[in-house]
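# Remarks on the overall topology
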Amino acid sequence: MPVQKVNDSSDLDAKVPSHLQRTSITSLTMTSEPSHRCVKTQEDPLQRTAEHTSINVIFFGTLAKDFSQSARQGDVVLLADFTIKKSPSFLRDKLHPCQLEMDGKDDFVYVSVICFVKSLPLCRNTIYAKYTYVPLNDLKPRTVVNVYGVVTFFKQPFPSKGSDYCSTLKITDQSDFKVGCNIFSKKLEDHPILFRVGDIIRLHRFKTDVFRDSMSLLNTFGWSTVTFDGTTDSPVVPRTSSKSFHFGESDIRTVQELRQWAANQSWISNDLKVSLSTVKPGMYFDLTCQLLAKAVMDSRCILLKVWDGTKCKHPLLNVAVASDALEGESTIVKDRMNLTANVLVYDNHLEMARELKPGTFLQFYNLHALLQRAPDQQPDQSEHLSFHLHGGTSYGRGLRSLPAESPALQSLKSVLEKHVDLDEYDEVNDGTLLEIWYTPPEAVGWWLLPNDEETVRTCEHNTRRLTLARVKRSTPPLSCHVRARVKKYKPQQLYQCLKLFCSNCKTMEDVPDDSAVAKVFRESAKDSQPCDEQWAATSSASSREPGRTISMHISRDMVGESTHMQLIFIEGTTLDEICVLSRDYKNLVPVRSVNSRMTLMDLTAPFLFSGDKRYYGCKQCSLNTFQNPVFTGVETWDEQAVAQALGVQLMQYRLLIQFELEDQTDTLEALLWENTERFFHVSAVDASGSQDLQDKIQTIMDTIQPPDSSLEERPWLDLCLSVYTVKDDDRNKVCYQITNTEIKEE
């Protein structure tokens, strides 16, 4: 076997064959003779105490597999019969200018395994790997680091688009510098065990990078996490699924220091102690509680009956189920005392809810409290408070079970113990059953159960939510609220949803593609002679193509003014050339010469280039004349001012998408048109010149209709819908448009 283990690092010297000579990393060069030499070193890419004391080693073939299974960070290794090559990453990682390559043919590796412990007290004779921890404000991009931090936000692991689960969290430390972190792993048990904001986390071997101008962390090979309860004075007990990890006195001190610092931060104490007695309608909150019973309502919803020993100030909606469908203890007495919260759990949280056992302690994240009316209630009766764990992971939404020994449960247990005698009276009889409302989701209508997982309505009118079938039977005009999923949408190629719209003649057309625009430029540049306008000052230059001249014109009236370079007329260029020039000049107007007079190009092409943006004119409404141009008295030249000076009717960029919506009752086609920019939080004109914004729209569409997903897997949308009629061949056609709705941004 090419990789062999020894018990102690001192045994490595005895393993060195007599014909081999020990050498140091610092003495290695490209001219060194690697044969008959060996190197003894420690596997720790984070320790760099002197220049060129760390070196990259590349293993190939079976040797790579054997080494990855035998060694871990901190082990001492002996390498022999290696090949020395130039390091391609030297300028980036600042390690050794050489690297060692081991192909396994004649090479061999000895590994001295360092002992790791995970229990206290510490062993006096134990050898520990030494770790260096970097303060969050000292992180540099593209390095591998170890860090400690206090969790300020987190999401429970959720399926990624690949085969992994993903955990998302944000951490900070005494530097008050906040860093995002993403962890990908196929195994749920490998993800950090986090219960609440304020927990402490230790990250080993995470790579730093900059994302959207902020530092972020991503797990790399050999990564590990350990978490701790953030409560001051509670025992420092590490939480991890790893069977072996390093944990010493210095770690205890670090955790305690972070706890003390976090305890004095305002953000750590907000909303951490929400109980049923303090819940208000409409709020989103975290709840620590105990599961009393549960029932499967249908394939899309599970009911969890929970309590925390406190009495809600508002009457609680009781969702009763048949006794044979309820798993767990009877809650009749607790229901009558307003102690039981009925939580309806949806969508991606169902898997976790199915595994829960009555008696388990739970933590809900981003639970929604809503006022709701029971079917048999009169309009003048007060509504009851219901609780919904909507689908998705926005704002950290989710739930998880808590270990019974968790320090966070001490106060909860003491409150529950005060009600222990209630169980003696929790018997079911005909009289108590008659006092319970029977209100499963089907009774109030599944579509009436709110779920704002991906969208939020911004309208001020308070109208009832309708089913799609009811909407289609209604008489326009009408504004209503619906809850539906996206069955499909078009155009599927989202770049086609960008349109040009004339507010004057109401014409709408596609944005011309580059090939059509380039053709207009080529034809205008053929045999073009410079314009001769009395109002223009002109300069010309020869292009790379023989016989083609590029001319630039500015208004004589603007010469000497501070705005004279804000508006330039350019003639004889190709599309590629004017795109390059527009990076340096604010407003470029492409023109051509007709009988030595300046005129605009065919309005198939943009009449104005401004940075990355292109502006088009309406062919039907534009005057397109230079007879009496006026360029004075304008302080700032923008697209509106340029269009007015040139007699061009400016066309507006718009985004147009048609959705096919579906709920349990029907399907309906609705346009996203006037409300599109608000829906996506994106300006159409900005999106026309920004790939990042176009990618943002695509990401949102992939969220509300994930690729290769079934309808049941897609999130619900809470929408405001406008119903109206338009004339179509002398007939009234009923149309539907999404209004006053926007995607929720985290």
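Up top is the structure.
Reference entry: report on the structure contained in this document. In this text, all values refer to a predicted model and were calculated from it rather than measured experimentally.

## Side note on the sheet that holds strand 32 (residues 652-655)
The strand order across the open sheet formed by three strands is 24-23-32, and the pairing between neighbours is antiparallel. Each having just a single partner strand, strand 24 (508-510) and strand 32 make up the two edges of the open sheet. Each strand axis lies, on average, 40° off the axis of its neighbour in the sheet, ignoring direction.

## Remarks on the packing of aromatic side chains
For the structure on display, the rule yields 10 aromatic pairs. Considering the side-chain rings of Phe-501 and Trp-673, the 5.6 Å spacing of their centres and the 80° angle between planes classify their relative orientation as edge-to-face. Here Trp-673 lies in the loop between strand 34 (667-672) and helix 15 (676-680) and Phe-501 lies in strand 23 (residues 498-501), a separation of 172 residues in the sequence. When the centroid spacing of 6.0 Å and the interplanar angle of 75° are considered together, the rings of Phe-521 and Phe-609 count as edge-to-face. Of this pair, Phe-521 sits in helix 12 (residues 514-525) while Phe-609 sits in strand 30 (residues 608-610), and the two are 88 residues apart along the sequence. Accessibility assignment for this pair places Phe-521 and Phe-609 in one class, buried. Positioned over the ring face of Phe-153 is Lys-170, at 5.8 Å from the centre of the ring.

## Observations concerning unusual backbone geometry
The phi torsion of most residues other than glycine is negative, and most of the peptide bonds are trans. At the junction of Lys-490 and Pro-491, the peptide bond is cis and its omega measures out at 5° in the coordinates. Positionally, Pro-491 belongs in the loop between strand 22 (478-490) and strand 23.

## Structural notes on the sheet that holds strand 7 (residues 98-102)
If you walk across this open sheet you meet the three strands as 4-7-6, and the pairing is mixed. The open sheet terminates on both sides in strands that have one partner only, identified here as strand 4 (56-59) and strand 6 (83-86). Shown here is a sheet whose adjacent strand axes are inclined to one another by a mean of 35°, direction ignored. Of the pairings in the sheet, the one linking strand 6 to strand 7 comprises four bridges and is antiparallel in character. Bridge assignment links Ile-84 to a residue of strand 7, and that residue is Leu-100.

## Some remarks on the pattern of salt bridges
For the structure shown, the criterion picks out 17 salt bridges. Of the charged contacts in the structure, one is a salt bridge between Asp-199 and Arg-239, with a shortest N-O distance of 2.8 Å. Here the residue Asp-199 occupies a position in the loop between strand 11 (179-185) and strand 12 (200-211), and Arg-239 occupies one in the loop between strand 13 (214-228) and helix 4 (249-263), the gap between them amounting to 40 residues. Owing to a relative accessible area of 1%, Asp-199 belongs among the buried residues under this scheme. The salt bridge partner of Lys-613 is Asp-686, with a shortest N-O separation of 3.6 Å. Taken together, the positions of Lys-613 in strand 31 (residues 613-615) and Asp-686 in helix 16 (residues 684-688) put the pair 73 residues apart, joining distant regions of the chain. Exposure remark for Lys-613: the relative accessible area of 26% places this residue in the partly exposed category. By relative accessible area, which is 33% here, Asp-686 ends up partly exposed. Members of the salt-bridge network, linked through shared partners, are Lys-487, Lys-488, Glu-660 and Glu-662.

## Brief notes about the side chain of Glu-742
With respect to the secondary-structure elements, Glu-742 resides in strand 37 (residues 741-743). Taking relative accessible area as the criterion, Glu-742 reaches 18% and is therefore assigned buried. Not counting residues up to four positions away in its chain, the partners in contact with Glu-742 are Glu-454, Thr-455, Val-456, Thr-458, Arg-678, Phe-679 and His-681.

About the thresholds
- Residues take numbers from 1 onward in each chain, read along the sequence in its written order.
- Where local features are concerned, this predicted model is filtered to residues with pLDDT of at least 70; where side-chain atom pairs are given and counted, the filter is 80 or more; whole-chain, interface and lining totals use all residues.
- Excluded from the side-chain calculations are hydrogens and water; all other atoms, namely the structure's heavy atoms, are used.
- Pairing between strands requires that DSSP locate at least two bridges from one strand to the other.
- A run of DSSP states H or I qualifies as a helix once it reaches four residues; a run of E qualifies as a strand once it reaches two. Both are numbered from the N-terminal end.
- Angles shown run from 0 to 180 degrees and are taken between the N-to-C directions of axes, each axis being a line fitted to C-alpha atoms and, for helices, limited to the stretch in contact.
- What counts as a ring pair is set by centres within 6.5 Å for rings of Phe, Tyr and Trp (its six-membered ring), and what kind of pair is set by the plane angle: stacked under 30 degrees, edge-to-face over 60, tilted for all other angles.
- Burial status follows relative accessibility: with a 1.4 Å probe on protein chains alone, a residue under 20% of its type maximum counts as buried, one over 50% as exposed, and anything between as partly exposed.
- Counted as over-ring charges are cases with an Arg CZ or a Lys NZ within 6 Å of the ring centre that also lie within 35 degrees of the ring normal.
- The working definition used for a salt bridge is a side-chain nitrogen of Lys or Arg within 4 Å of a carboxyl oxygen of Asp or Glu.
- We call two residues in contact whenever any of their non-hydrogen atoms come within 4.5 Å of each other.

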